[in-house]
Structures are given as C-alpha cells and as structure tokens.
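Structural overview
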Amino acid sequence: MTHGESPIAPALLEWHARAGRHDLPWQLHRTAHRIWVSEIMLQQTQVATVIPYYERFLSRFPDALTLAGAPLDEVLHLWSGLGYYARARNLHCAARRVRDEHGGEFPLTFAEVAALPGIGRSTAGAILALTLGARFPILDGNVRRVLARYFGVAGRTSDRAPTQRLWEFSEQCTPQAGVQRYTQAIMDLGATVCLRRRPLCMHCPLAPGCVARRSGRQHEFPAPRRGRARRARRVFMVVALNETGGVLLERRPESGAWGGLWCPPEFTTATAARAFVRNSLGSASPEPQALAEVEQAFTHFDLLIAPLLVHCTGGSAVQEGMSLWYNTRAPARIGMPAPISALLARLSEESLFEGRCA
Ligand code: SF4
C-alpha cells in the first residue's frame, strides 16, 4: 500500500453513493451535538431501534445547554427502553461539562472531545469525522469486523495486539479527502453488508480483496471476547399499591446496570422483602402475592425478578428524590427499565391498580 492511498476507500465510496444510507435523522443538518447523541445511542443498538428515541431526545434536547439544564430523571425517562443506561448518565454529565468548560459549544478538537465522559477514541474520531470531515480513524464494532475480515487480522477483540493492528489499518484506510462519506460508508457496510453472522459478501464492494472471503473464514474474524461465565441473580421486588392506584418506586443508586432508574423496592431475599412489608408499609395485606417472575439478560448476567404484590392503605412515607408513589394514569417523567414498565403496564391492564385495600 502506497503511503496516503487507501486500499478500500474508492470502492467503498462508490458503493456508498449507490447503496448507502443517506437520510438517517442525524445525517440531515449535521451538528456536533446531533452526531454525538447519535453515536452514543448507536453503541450496541441498531439504527431502527435508535431512530424514534433519537427524534424524541433531540426534540427535547436540541443542544448541549438544554441537556445540561435538564434533571437526570428526565434524560433517563427519554432513554427508558434503550438500555445501557450508563450512556445516558454520561451524556448528561458530558453536557454539563460542555456548558461549564466550553461555554455551551460542543468542543471540536480531538483531545477535548475525547476527554468528555462516555467518549472513547473511536467515538471522538467519528464525531469529528462525521461533523467536520476531519481525518480521524475509527474502530467501532462494525468497522472492527470489516477490517479484521478484509485484512485477516486474527485475535480476540479484547486483546491488545490485534486491536493495535486494526487501529493501524483503520488509519491507513482513512482517505485524505472525503473522510465524512468514507466514515459513514465503512460504518454502513459493517451494519448492513458485513454482518456478524451471515455477511452478504456477494453484495460487498470489498469482496475482491477480502482475506476472510477468499479463504471462506468470515466467521473467524474477529474472534469473540474471552467468554466469562454468566451469572444468574435472583431478586425480590415489592410491588406496593396504595388506595389511589399508586405504586411505590425507589430511585436506584447511580452505579450499576439500572443506575438512576426507578424500580419497586428490591431485596435479595423473600424474608427481607416481607420484613419491609411488615415494618415499612402501613396496613399492608399480610401475605404478599407472588406474581410471575420477570427475566432480564444483561451483558454478563441474567437477572430474575420475583415481584411480590401487596395492597396497602396509607403506604410508606416517601423521601423526596429517592422514592415516590407512581401513578400509571399520570406518570412522572422518570427513567424506568423496560421490564418494570412492562410489569406495571400489565398490572394496570389487569386492573390491579384499582383502589383496593387489605
Ligand atoms: S467480502 Fe464479506 S467478509 Fe469481506 S468485508 Fe465484504 S462482507 Fe465482509
């Protein structure tokens, strides 16, 4: 490869002009803020899922200042269902840094962008490449897969040496001109053609030079991360309903998979859950009713939630900002994990929220 010549950019650009995606919401009216939000939402999440969330989020938070000024609860509310909530917490924290340290304008130098919470080397490069056409290589999951297959880079995604090698290839492949279109093109190729399970090599503009395709070893690249044994965790949640159909929710600590979201009070044992019902809920029904368990898979563990339904009069005292009685008919704008929203919606449909006392 001659210095400065990308071995893949011409074919990719030609393919993208013909078959790429050109009308995604974040491609229209490109600003660093809009591109930043899209890049964060697209981490571990597919385009079709992201679009409605993106549109709602941007219409409420069109710039970093509005995002910085909003309560975290509202940010998490608009993120509810999208998962990986640390992304939303970091986005909110980064917006405050943009307000406090950059006068409300999203910074446009690599070092400043990469210093913001939740933004790594690849995301910083993508924001600057897609917003300004600045020449920065990227290596998100899709690009990593395309380059690992095209150049036949063996090794696990989590290992240092292959990652370093792939960054070098990404640098060599990023053209001197047309960076914005190239960056979009290689991301699109990974998302729509060089698919993880069944790559559509027949439609790939890189097929003639692709090492993996020539040797029929597409599925070997990139090698998966070293598997960690999955853990299973079981918890008990007390779904306490008061006379007016409110359900008691507590704000979870900021760290953890559902950090900052609101859920029914959680306990590690049924005994602890029952003690809470006895001691903290006024006039609760004596024996909680076990509801169907709810399963949720996280990256490294499976969570099994055993909900225990109780009806109570008076209920427990709520602590401002930490707990509340949530009314499904006039819901507060707070973040709630999708399985909990689904559970409350189901109870509401079954009319279990109608005023009933023990
Ligand atoms: S030829 Fe197949 S494996 Fe190679 S980059 Fe294209 S889609 Fe991926």
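Just so you know, these numbers come straight off a predicted model, no measurement behind them.

On to the overall build of the chain. Secondary structure summary: the chain contains 14 helices and eight strands in total. Projected onto its principal axes, the C-alpha coordinates of the chain cover approximately 80 × 45 × 35 Å. Taking all 358 residues of the chain together, 49% fall into the buried category. The long-range share in the chain, meaning contacts at least 24 apart out of those at least 6 apart in sequence, stands at 67%. As displayed, the chain offers around 17,200 Å² of accessible surface, 52% of which is attributable to carbon and sulfur atoms. Distance between charge centroids for the chain: 7 Å, based on 41 positive and 30 negative side chains.

Assigned domains within the chain: domain 1 (9–220) and domain 2 (231–349). Taken over C-alpha atoms, the centre of domain 1 sits 36 Å from the centre of domain 2. On the side of domain 2, 17 residues touch domain 1, which itself brings 11 residues to the contact. Carbon and sulfur atoms make up 44% of the surface buried where domain 1 meets domain 2, a total of about 1,100 Å² over both sides. It is D73, Y85 and R89 that lose the most area in domain 1 upon contact with domain 2, and together they represent 46% of the buried surface on that side.

Lining the immediate surroundings of the ligand are R149, C194, P199, C201, C204, A207, C210, R213 and Q218. Looking at the shell around the ligand, its residues break down into six nonpolar, one polar and two charged.

In this structure the tally under the stated criterion is 16 salt bridges. Where R99 meets D100, a salt bridge forms, and the shortest distance between an N and an O atom there is 2.8 Å. Residue D100 is classed as exposed on the basis of its relative accessible area, which comes to 55%. With a shortest N-O distance of 3.2 Å, R217 and E220 are connected by a salt bridge. The exposure class assigned to R217 is partly exposed, which follows from its relative accessible area of 30%. A single network of salt bridges, built from pairs that share partners, joins R60, E74 and R333.

Conventions adopted
Residues numbered from 1 in each chain as written. Predicted model: local features only at pLDDT ≥ 70, side-chain atom pairs only at ≥ 80, totals over all residues. Heavy atoms only, no water. Helix = DSSP H or I, 4+ residues; strand = E, 2+ residues; numbered from the N terminus. Buried < 20%, exposed > 50% of the residue type's maximum accessible area, 1.4 Å probe, protein only. Contact = heavy atoms within 4.5 Å. Areas by Shrake-Rupley, 256 points an atom, 1.4 Å probe, with all protein chains shown as cover. Lys, Arg positive; Asp, Glu negative; His and termini not counted. Charge placed at Lys NZ, Arg CZ, Asp CG, Glu CD. Domains from an automatic or database assignment. Buried area = accessible area lost by both parts, 1.4 Å probe. Near = heavy atom within 4 Å. Nonpolar A, V, L, I, M, F, W, Y, C, P; charged D, E, K, R; others polar. Salt bridge = Lys/Arg side-chain N within 4 Å of Asp/Glu carboxyl O.

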